[in-house]
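# Residue-level structure breakdown
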Amino acid sequence: MVGFYQLSPEQFEIAVKETVAAYKAVTSKVKTIRPVTWEGSIQPLEEASESLDSIWSLLEHENAVSNTPEIRVVYENLLNIITNLHTEILQDEQLYKVYLDISESKSFAHLSIPQRTIIEHALRNFKLGGVNLPAESRAKLKELHERLSALENKFANNVLDATEGWSYHVTTAQKNLLEGLPERVITEAKNKAIAQEKTGWVLTLDLPTNIAVASYAQNRQLREEFYVAYYTRASDQGPMAGKWDNTQNIAEILKIRQEIAHITGYSSYADYALVPRMASNTGEVKEFLNKLAVKVKPQAEREFAELKAFAKQLGFAQEFAAWDVTYYAERMRENNYSISEEELRVYFPEPRVLDGLFKLTKNLFGIEIVPVQDFNSWHPSVRMFEVIDENKQLRGHFYIDLYTREGKRGGAWMAECISRIRFATNTLQTPIAYLNCNFAPPSGDNPGLLTHDDVVTLFHEFGHTLHHVLTQIDYYSVAGLNGVAWDAVELPSQFMENWAWEWSVIQDISKNVLTGEPMPRALFDRLLASKNFHAGMHLSRQLQFAEFDFRIHENVGKD
């Protein structure tokens, strides 16, 4: 049996503490070794870091996809230990000198590019961690990092609890509220009601249901209820006002981040956060965002005016509100292109999509993706695959966890299970990735059916997965996504997205579940024509998020 080794909460606690102790033992030994060499000093630190991060990634993943009260308690307890360890390491002057000495040695020029990069990044991180600061400042940083990690974890828990803590009960007498909703959503709502021993239907805030209500619910009041509930989650507003409220958490998080930046010599957290990223400074970021905003605003305004005019043509006479945008945009898309995301589901059964995606990957990279039959996992719907290259060599594994469920955080993401590293014994450890999404689950005996938006999301996350699994770097700290500027990690994923719009790929990933036929060319042409529908509005929305996030981290605490 291979793969995920599921531990009990108690076993996680023991394993993490033992690994932390082993890591500290390695660092203590390395600090005494002279002369400093890669083999005697840095390689042991690389292996110790990999071991620590591997066990911690298991617990982080469990906390993200199976967030039980027991796991939550253990995670919160161990989070302090891990946070303090990382802070202590980055403030360890003796350990810093190990990296500094090798960077100044004659042997440095003879190291490989990955080896030199590891050392350069480590020196950068030591400085960001405050290694050169007075003892009082280092102690303050340690305190701030510990508090920050606890607050960020609390923030995430509040969002999850608020999402799962609200639902809308539609009684039998209110069945008309369901008009327009896809049958799959109504069936799932009926099943949830039965599970809760209620009559009628129970609609929840999981992403597939929320999107369906926003896009298809004919009842405007229902759309408003969902919009307000979703966008006021974990706040002092809306139907759950004050419950799981993140208002004070956000304020304190921003304050602490700014303090960390100031202590380490940066004018704002925005400046501090940019150090390991591609952009050079805050001015560069603002200029980029402003240029985009200037170009996209006129288009977005035209699109919004056209949308309101279209809604008026359909008889909508009320003041246009946020909960009307998605609904009428979908009607307009159907009108303009004779296409609907919901109707496209019939062409994208998940097994067919995966088969086509794996065929594409073979054509692009010459690799075979093979199901693993015997493995441990955290949920029955999870699958595991191994990646074999054209030389019949194992390159790694990945898990796929595609469907929304209780206790799983929202969104879609790829996470590292273990990373590639070649140990001092010359043994090569191949990587394992987690690919997580929150698609609508299968219904009955039918497979999961994806929208084309879901397909694009899957391709995107698979790009991250390939980035992690196909790395050829044997050094842990720079293998795969490690060591890459955090904004640069989106390049492979965005590249993979493009293939979801190619006709040759569509033929391989589509199959009508009723007829067995792939998507007709005429339907694909309409889908392709709709690709940039409301692109101005979508981009302006993303720019607003980026601008807001950047400015609050640049200006918090300033008048």
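In this report, we go over the structure that sits alongside the text. The structure displayed is predicted, hence computed values, not measured ones.

Conventions and cut-offs
- Residues numbered from 1 in each chain as written.
- Predicted model: local features only at pLDDT ≥ 70, side-chain atom pairs only at ≥ 80, totals over all residues.
- Heavy atoms only, no water.
- Buried < 20%, exposed > 50% of the residue type's maximum accessible area, 1.4 Å probe, protein only.
- Helix = DSSP H or I, 4+ residues; strand = E, 2+ residues; numbered from the N terminus.
- Arc of directions from axis to C-beta.
- Contact = heavy atoms within 4.5 Å.
- Expected span 1.5 Å × (residues − 1).
- Axes fitted to C-alpha atoms, helices over the stretch in contact; angles between N-to-C directions.
- Parallel < 35°, antiparallel > 145°, perpendicular 65-115°, else oblique.
- Left-handed = near helix turned anticlockwise from the far one by under 90°.
- Nonpolar A, V, L, I, M, F, W, Y, C, P; charged D, E, K, R; others polar.

### Thoughts on helix α19 (residues 521-529)
- Those residues of α19 lying buried are Leu-523, Phe-524 and Leu-527. Projection of α19 onto a plane perpendicular to its axis shows the buried side chains occupying an angular sector of 100 degrees, all on one side.
- In this structure, the buried residues of α19 make contact with α13 (322-337), α14 (341-344), α16 (452-469) and α18 (503-509).

### Focus: helix α15 (residues 350-365)
- Along its 16 residues, α15 runs 22 Å from first to last C-alpha, staying within 8% of the 22 Å computed at 1.5 Å per residue.
- Residues of α15 that are buried: Glu-350, Val-353, Leu-354, Gly-356, Leu-357, Phe-358, Leu-360 and Thr-361.
- The elements touched by buried residues of α15 are β4 (368-372), β6 (383-388), β7 (394-403), α16, α17 (490-498) and α18.
- Positive backbone phi, approximately 70 degrees, marks Gly-366, located one or two places after α15.

### Comments concerning the packing of helix α3 (residues 69-90) against helix α6 (residues 135-164)
- Between α3 and α6, the shortest axis-to-axis distance is 9 Å and the interhelical angle comes to 150 degrees. With respect to each other, α3 and α6 are oriented roughly antiparallel. Two packed elements cross with a definite hand, and for α3 against α6 that hand is right-handed. Two secondary-structure elements touch here, α3 through Arg-72, Tyr-75, Glu-76, Leu-79, Asn-80, Thr-83, Asn-84, Thr-87 and Glu-88 and α6 through Lys-142, His-145, Glu-146, Ser-149, Ala-150, Asn-153, Asn-157, Leu-160 and Asp-161.
- Its residues placed into classes, the contact of α3 with α6 shows four nonpolar, eight polar and six charged.

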